[in-house]
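Chain by chain, the residues run as shown.
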Amino acid sequence: MSETLCPCGTGKPYANCCGLYIEGGQLAPDPEALMRSRYTAFFQCNYPYLKKTWHPETYPEDLEQGEPSNWVGLEIIDASWEDDEGEVEFKARLIFDNRLEVLHEISDFEKIDGVWLYHSGEFLHDDEPVKIARNAPCPCGSGQIFKDCHYQA
Ligand SMILES: [Zn+2]
Ligand SMILES: [Zn+2]
């Protein structure tokens, strides 16, 4: 595993963050850690991990047919859990079609046989996607301008 920073935004190396759960065989200890690792798995298009952490009742069979997105940031707004149920509110930012979109969701998690799983989510109101100027700093935080980074011609 590389020493690069984890895409989920904790500021920790991937190997000491979501990598522990995605590649290290450890179980995410709580819904927030699971949410972060699933964001990172979306970032990686790691469908086996997404499936493994998805409640079988709600897993969408067509997940892998969706177009991959460029995920550029995760912000956890609130997370709580008790016994076998938990909830995480987050905003995930992605670039799609040269626009910045913010996905604001409250996700429900369930613990089954000691393993936290994502069950389902409720979308909250989102702003319209915003077109990113070609010469603006890229929203991914790379420090490059957009047209030299995530821009798609
Ligand atoms: Zn992480
Ligand atoms: Zn970028």
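The structure presented is a predicted model; accordingly, all values stated were derived computationally and were not measured.

Considering the coordination of the zinc ion (ligand 1)
Distances from the zinc ion (ligand 1) to its protein donors, namely C6 (SG), C8 (SG), C17 (SG) and C18 (SG), fall within the range 2.2 to 2.4 Å. One can describe the site at the zinc ion (ligand 1) as tetrahedral: its four donor atoms subtend angles covering 102 to 120° at the metal.

Quick notes on the coordination of the zinc ion (ligand 2)
Around the zinc ion (ligand 2), the protein contributes the donor atoms C138 (SG), C140 (SG), C149 (SG) and H150 (ND1), which lie 2.0 to 2.3 Å from the metal centre. Given four donor atoms and angles of 106 to 114° at the metal, the environment of the zinc ion (ligand 2) is assigned as tetrahedral. Ordering the donors of the zinc ion (ligand 2) by residue number gives the pattern C-x1-C-x8-C-H. Pair noted here: C138 is in the segment after β5 (130-131) and H150 is in the segment after β5, with a separation of 12 residues, a long-range link.

A closer look at the nonpolar core
One finds C8, C18, M35, Y39, L74 and F109 to be the most contacted residues of the largest nonpolar core, which totals 29 residues. If you list the elements that add at least two residues to this core, you get α1 (19-22), α2 (31-44), α3 (47-52), β1 (70-82), β2 (85-96) and β4 (115-123). No other element matches the five residues that α2 contributes to this core. Within the second largest apolar cluster, six residues are counted, among which are V72, L100, I132 and C138.

Conventions adopted
Residues numbered from 1 in each chain as written. Chains lettered and ligands numbered in written order. Predicted model: local features only at pLDDT ≥ 70, side-chain atom pairs only at ≥ 80, totals over all residues. Heavy atoms only, no water. Donors = N, O, S within 2.8 Å, 3.2 Å for Na, K, Ca; no water. Tetrahedral: all angles 85-135°; square planar, octahedral: opposite > 155°, others 65-115°. Helix = DSSP H or I, 4+ residues; strand = E, 2+ residues; numbered from the N terminus. Core = buried A, V, L, I, M, F, W, Y, C linked by side-chain atoms within 4.5 Å. Buried < 20%, exposed > 50% of the residue type's maximum accessible area, 1.4 Å probe, protein only.

Take it as geometry only, folks, not as evidence of what the structure does.
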